[in-house]
Each structure stands twice: as structure tokens, then as C-alpha cells.
Amino acid sequence: MRIDLHTHSTASDGTDTPAELVAGAAAAGLDVVALTDHDTVGGHQQAIDALPEGLTLVTGAELSCRVDGVGMHMLAYLFDPADAELERARELVRDDRVPRAQEMVRKLRALDVPITWEQVARIAGDGSVGRPHVAAALVELGVVPTVSDAFTPDWLGNGGRAYAEKHEFDPFEAVRLVKAAGGVTVFAHPAASKRGEVVPEATIAGLAAAGLDGIEIDHMDHDGPARARLRGLARELELLPTGSSDYHGSRKTVALGEYTTDPEIYGEITRRATGAFPVPGAGGPGRR
């Protein structure tokens, strides 16, 4: 089985619609794909409606978190999307996305970057606006060569010159809320130091004690030594080690299925989940 547990669609900051994403996952030879848009489940139904036979969809979201001033992302899988407490918390984060992006535009203009809010809103379309849309505008303007190059202290990286804070989950509260909604939590790209300061291992240990299920290890932003260190940490803390592409369509160079999760780990994730269940494909075009 080939399993990719971290992807994004136009419901947040990817460039593929949910229907295009599941079609692409099937074409890439995946057996399982998770749709984990930022703080939203808005793309799930479209993905389900278009799901090709032979492909299983794991529903989820990537939650924006902050602890001790450091930003982090929490992958939440197979939670009950109708859980009222978790939905209210996600709505607070989503409501702050527009003013936050507008503040980043203001800071960039103060740095003599000719960006406009209209440009960012056009790039975001109907998706949940976020830093990658601002980064894409910087690429359009020729300020940086790639979206990843915008996530540095010079521009939009945590604490960077044009960075702006927003309302975010406390990760301990995120773990509590997701587990209460029957879901499973995995700390996304914990060693992605190019994005800015990373969460210390002591905090990861605290999250593990609070019920964190896993950490994402095989990821494009982790080099070999980082992966080895994280594997040791996962063993020490008894966390599930996952691997995922963090696919964003044309916004990043990584391909669907470039990094994957072991089938036994996927099986344990689905065993722990009680809020929702993986959806087997039957409605869209078959695998080619």
C-alpha cells in the first residue's frame, strides 16, 4: 500500500481542487490519501464525491497552533466534523486569516514590495487565505523564486519582517479537542527549521504525555539527520512515525506520494479513530 497522509486543495492553499487532488492521487498510484486543508473541512465532500474506485480518503485538517511563541501545525485525522467545540475553535482561527493576511500585505508594502490585497485575494480564490497565498504573490512579483523562499526571516517566516500573528490553537488544547471529537493527532514537520524556530523536544514530550499520537518524520523539509533524530524521539516517546508529501499542487515542487506512511502505522491511526472512518472510493473515474 502507498499512503500519503498530508495534502492540500483549493479549500485552503493548494492549487488542485479536491476532485483534481483525488484524481491525481489515484494516477500517482496511491492507495490512501488524506485531505488536510488548513483549519477547514470544506473540501471533504467534493473529494468524496469524486473519489475514484481503488483509492481511500482519510478526512482531516491541519490545525494552526502556537506554543511559547513558536508556530506549529497539528495534523488531525478522522475526527467528527460536526463536533461543535472543535468547529468553534477552527472558526476562530479561520476568522483571523483575512486580517492577518492584510497585515502582511501592509508590512510588505512598507518594505517597498508592490503587492496588493486584491492580488492576494485573487490567488486565494475561494480557499482559506493564508501565508502561502501571500508567498505566491511574491513569486508572481519576482521578489522570491519559489513559495518556499518566502518563508524566511527576510519575508514571511515566523518572526520575519513581514510576518503577522493570528489567532491559533494552543497545541495541548488542540490535542484535547481532536481526541474528544474521536480523532488522531500528528505533529506536522516538527523539524522544519527553514520556516523559523521549531518547538523544542521537551514540548513534544509534553504533548505526547497529553495524548499526541504521532510525529511526521519523512517530509521534504527534513534532512537525513533530522529524520534520524525524530525517529529516535518517536521511539522514546512511543509516538507513531508518519511520512507525507505535504502536497500543495503547483505551489510546491513535491509530488503526491513522494513521501509515504507505513501501512502498519496507518492501520494504527485508523484503529484509534472513532469520530470518522476512511472513505473507500466508488464514485469517480477508476485508476488508470
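Residues numbered from 1 in each chain as written. Predicted model: local features only at pLDDT ≥ 70, side-chain atom pairs only at ≥ 80, totals over all residues. Heavy atoms only, no water.

Caption draft 1: View of the overall build of the protein chain. Looking only at helices and strands, the protein chain has 10 helices and 8 strands in total. In terms of overall dimensions, the protein chain has a C-alpha envelope of 50 × 45 × 40 Å along the principal axes. Per-residue burial over the protein chain gives 57% buried out of 288 residues. At a minimum sequence separation of 6, the contacts of the protein chain that also span at least 24 residues come to 72%. Taken as two groups, the 28 positive and 43 negative side-chain charges of the protein chain have centres that lie 3 Å from each other. (Helix = DSSP H or I, 4+ residues; strand = E, 2+ residues; numbered from the N terminus. Buried < 20%, exposed > 50% of the residue type's maximum accessible area, 1.4 Å probe, protein only. Contact = heavy atoms within 4.5 Å. Lys, Arg positive; Asp, Glu negative; His and termini not counted. Charge placed at Lys NZ, Arg CZ, Asp CG, Glu CD.)

Caption draft 2: Spatial organisation of the confidence of the model for the protein chain. Of the residues in the protein chain, 98% have a pLDDT of 70 or more, and the chain-wide mean is 94. A low-confidence stretch, residues 284–288 stays under pLDDT 50, and its non-local contacts, those more than four residues away or across chains, total 17 contacts. (pLDDT = per-residue confidence, 0-100.)

Caption draft 3: Representation of the packing of aromatic side chains within the structure. Evaluation of the coordinates by the stated rule reveals 0 aromatic pairs. Positioned over the ring face of Trp155 is Arg161, at 4.6 Å from the centre of the ring. (Phe/Tyr/Trp six-rings, centres within 6.5 Å; stacked < 30°, edge-to-face > 60°. Lys NZ or Arg CZ within 6 Å of the ring centre and 35° of its normal.)

Caption draft 4: Representation of the environment of Leu30. By the element assignment, Leu30 lies in the loop between α1 (18–27) and β2 (32–35). Classification of Leu30 by relative accessible area gives buried; the value is 0%. A sequence separation of 73 residues divides Leu30 from Glu103, and the C-alpha atoms of the two residues are 39 Å apart.

Caption draft 5: Broad picture of the pairing of strand β6 (residues 214–218). Summarising burial for β6: 5 of the 5 residues are buried, a large majority. Here 2 bridges tie strand β5 (residues 184–188) to β6, and the two strands are oriented parallel to one another. Looking across to β6, one finds that Val186 is bridged to Gly214. In this fold, β5 hands off to helix α8 (residues 201–209), which returns the chain to β6; that crossover is right-handed. One ladder, built from 4 bridges, connects β6 with strand β7 (residues 240–243); its direction is parallel. Among the inter-strand pairings, Ile215 is bridged to a residue of β7, identified as Pro241. Handedness of the crossover joining β6 and β7 through helix α9 (residues 224–237) is recorded here as right-handed. (Pairing = 2+ DSSP bridges. Right-handed = clockwise from strand over helix to strand, strands pointing away.)

Caption draft 6: Region of interest: the pattern of salt bridges. Under the criterion given, the structure shown has 17 salt bridges. Its salt-bridge partner being Arg122, residue Glu140 comes within 2.7 Å of it at the nearest N-O pair. Residue Glu140 is found in helix α6 (residues 131–140), and its partner Arg122 is found in helix α5 (residues 117–124); the two are separated by 18 residues along the sequence. On the accessibility criterion, Glu140 (46% relative accessible area) is partly exposed. Measuring nitrogen to oxygen at the nearest pair gives 2.6 Å for the salt bridge that ties Glu268 to Arg271. Linking Glu268 with Arg271, this pair stays in helix α10 (residues 263–272), spanning 3 residues, or about one helical turn. A residue is classified by how much of its surface remains accessible, and Arg271, at 59% relative accessible area, is exposed. (Salt bridge = Lys/Arg side-chain N within 4 Å of Asp/Glu carboxyl O.)

Caption draft 7: Expanded view of helix α3 (residues 84–95). With 12 residues, α3 extends 16 Å from end C-alpha to end C-alpha; this agrees with the ideal 16 Å at 1.5 Å per step. Residues of α3 that are buried in the fold lie against β3 (56–67), α4 (97–110) and α7 (171–180). Its side-chain oxygen placed 3.4 Å from the backbone nitrogen of Glu85, Asp83 serves as the N-cap of α3. (Expected span 1.5 Å × (residues − 1). Polar contact = N/O pair within 3.5 Å; in protein donor to acceptor, adjacent residues only side chain to side chain.)

Caption draft 8: Spotlight on the UniProt feature "domain: Polymerase/histidinol phosphatase N-terminal" (unreviewed entry) in the protein chain. In the numbering used here, UniProt assigns the feature "domain: Polymerase/histidinol phosphatase N-terminal" (unreviewed entry) to residues 3–67. Within the segment residues 3–67, helix and strand shares are 25% and 32% respectively, and the terminal C-alpha atoms sit 30 Å apart. (UniProt positions renumbered as here; feature names shortened; annotations may be inferred.)

Caption draft 9: Just the packing of α5 against α6, in detail. The interhelical angle for the contact between α5 and α6, taken along N-to-C directions, is 115°, at an axis separation of 9 Å. Here α5 lies roughly perpendicular to α6, going by the angle between them. When the axes of α5 and α6 are compared, the crossing they make is right-handed. For the pair formed by α5 and α6, the contact residues are Gln119, Val120, Arg122, Ile123 and Ala124 on the first element and His133, Val134, Ala136, Ala137 and Glu140 on the second. Considered class by class, the residues forming the contact of α5 with α6 number 6 nonpolar, 2 polar and 2 charged. (Axes fitted to C-alpha atoms, helices over the stretch in contact; angles between N-to-C directions. Parallel < 35°, antiparallel > 145°, perpendicular 65-115°, else oblique. Left-handed = near helix turned anticlockwise from the far one by under 90°. Nonpolar A, V, L, I, M, F, W, Y, C, P; charged D, E, K, R; others polar.)

Caption draft 10: Highlighting the environment of His38. Structurally, the position occupied by His38 is in the loop between β2 and α2 (44–49). Separated by 24 residues in the primary sequence, His38 and Glu62 have C-alpha atoms spaced 4.7 Å apart. Sequence-distant contacts of His38, defined by excluding residues within four places in its chain, comprise His8, Ser12, Asp13, Glu62, His73, Arg97, Ser128 and His248. In this structure the side chain of His38 is engaged in a polar contact, spanning 3.3 Å, whose partner is the side chain of Asp13.

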